[in-house]
Amino acid sequence: MPSSPRARARLRALCGAAVLLTAGAGVPAAAAGTAPAWSVAPSAGGGTRPTTDGRPYFYAEGVPGTVLQDKAAVTNPGGRPLTVKLRGADADNTGTGALSLRTKSTDTGAWITFARREVKIPARTRAEVPFTVTVPADATPGDHPGAVVASADGRDTGVSVHLRVSGPTLSALTVERVRVTGGRISYDLVNRGNTVLTPRLAVRADGVLGRALDRRPRTLPVELLPGRRVTLSEPWKNAPALDSVRVRLTVTAGGGAHDEATATKRFVPWAAVAGTCAVILAAGGAAFWLVRRRRHANGADGGNSGSSENGADSGNHGSQEIQEIQEIQGSWS
């Protein structure tokens, strides 16, 4: 809940003894033969929405310029003291939609201040560490996701911080760059508003030969943070072998966010086409070779016949000339 300047002064005064240590109570015992693991969680009675049965994350809400207060509970169930370092971090989306933390904080992570950044916790003890979230006066309204990160024994663990700055909110979502390749439908989702969105997706594909795909709306396993772009994909194992289809993606989210995008894809069985072309080319080549060979054979037969006839005629003319010369010689004698 918002705090006044007097409350801020009290918090600074308590920094020297800000860590509340609770020995034994509520600390789970480690199983035999296993090393106990320390943990961090929201304190049950802190925040702007306190509960008595634990909270899965920190929630804070206030207007720009507000200082919000909460507590982080760090539990050491082990048999030796534990030194834990605390820090704030900005939440982010990876390119495929998973949640991650930014290495450098410029938003919520930079606004978080702990009473102590390093806390030494005795064995089998829970420590409650106060911290504040100072919302800048020029902070934009909407959701500012972050995290409280604890580090000890070479391990980091964090708890989400859901911070909402009071003011107008906008839920806006676009789906872009739809493409169909390799049996998958890929697309980009972009959060154009200032609230965290959990999108729902419906997929439909209509082709020349009829409906090729129809998937009802389903919730995607993604928390899309404000201003982030992620690339997702849907499998399409039974895509048509031969068709021209129009793929339509429809996305919706809370607050009235809605958008559609389409892409056109032609499916051609190129392997079968290539095989058919190869068979046709082979058949054409074989036919051409046979025709050419037959023509060559016919030409050779014609040449041989002509040579024989010319030889016979020459022989006959020669015999006639010899007979005429003999007759002439006989008349002279």
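Attention here is on the structure that accompanies the text. Please read these numbers as outputs of a predicted model, since none were measured by experiment.

## Description of the overall build of the protein chain
- Across its full length, the protein chain carries 3 helices and 19 strands.
- Across the 333 residues of the protein chain, 35% fall into the buried class.
- For the protein chain, contacts bridging at least 24 residues in sequence account for 67% of all contacts bridging at least 6.
- For the protein chain, the exposed surface amounts to about 19,400 Å²; the carbon and sulfur share of it is 55%.

## Notes on the pattern of salt bridges
- All told, the structure shown has 16 salt bridges when counted by the stated rule.
- A salt bridge links Glu234 to Arg215; the shortest N-O distance between them is 3.1 Å. Of the two residues, Glu234 is situated in strand β17 (residues 229-235) and Arg215 in strand β16 (residues 210-219); the sequence distance between them amounts to 19 residues.
- In this structure Arg215 comes out as partly exposed when scored by relative accessible area, which is 26%.
- Note that Arg218 is salt-bridged to Glu234, the shortest N-O span being 2.3 Å. Within this pair, whereas Arg218 is found in strand β16, its partner Glu234 is found in strand β17, the two being separated by 16 residues in sequence.
- Residue classification places Arg218 among the partly exposed residues on the basis of a relative accessible area of 37%.

## A short note on the nonpolar core
- Counting residues in each nonpolar core, the largest one holds 28 residues, and the members touching the most others are Val84, Leu86 and Phe131.
- For this core, the secondary structure elements donating two or more residues are β4 (58-62), β5 (67-76), β6 (82-93), β8 (112-114), β9 (118-121), β10 (125-134), β11 (142-152) and β12 (155-165).
- In contact with Val84, not counting residues within four places along its chain, are Val74, Arg117, Glu118, Val119, Ile121, Ala150, Ser151 and Ala152.
- Of all hydrophobic cores here, the second largest spans 27 residues; its members include Val178, Tyr187, Val247 and Leu249.

## Section: the sheet that holds strand β13 (residues 173-181)
- If you trace the 3 strands from one edge of the open sheet to the other, you get β13-β14-β17, paired in antiparallel fashion. The sheet is open, and its two edges are formed by β13 and β17, each paired on a single side. Strand-to-strand twist across the sheet, computed as the mean angle between neighbouring axes with direction ignored, equals 20 degrees.
- Judged from the 7 bridges that link them, β13 and strand β14 (residues 184-191) form a sheet pairing that is antiparallel. When the bridges of β14 are listed, Val175 appears paired with Leu189.

## Quick word on the packing of aromatic side chains
- Inspection of the entire model under this criterion finds 3 aromatic pairs.
- A ring pair is formed by Phe58 and Phe131, whose centres lie 5.2 Å apart and whose planes are at 90 degrees; its orientation type is edge-to-face. Here Phe58 is found in strand β4, whereas its partner Phe131 is found in strand β10, with 73 residues between them in sequence.
- For the pair Phe114 and Phe131, a centre-to-centre distance of 5.4 Å together with 50 degrees between the ring planes defines the contact as tilted.

The rules we used
- Residues numbered from 1 in each chain as written.
- Predicted model: local features only at pLDDT ≥ 70, side-chain atom pairs only at ≥ 80, totals over all residues.
- Heavy atoms only, no water.
- Helix = DSSP H or I, 4+ residues; strand = E, 2+ residues; numbered from the N terminus.
- Buried < 20%, exposed > 50% of the residue type's maximum accessible area, 1.4 Å probe, protein only.
- Contact = heavy atoms within 4.5 Å.
- Areas by Shrake-Rupley, 256 points an atom, 1.4 Å probe, with all protein chains shown as cover.
- Salt bridge = Lys/Arg side-chain N within 4 Å of Asp/Glu carboxyl O.
- Core = buried A, V, L, I, M, F, W, Y, C linked by side-chain atoms within 4.5 Å.
- Pairing = 2+ DSSP bridges.
- Axes fitted to C-alpha atoms, helices over the stretch in contact; angles between N-to-C directions.
- Phe/Tyr/Trp six-rings, centres within 6.5 Å; stacked < 30°, edge-to-face > 60°.

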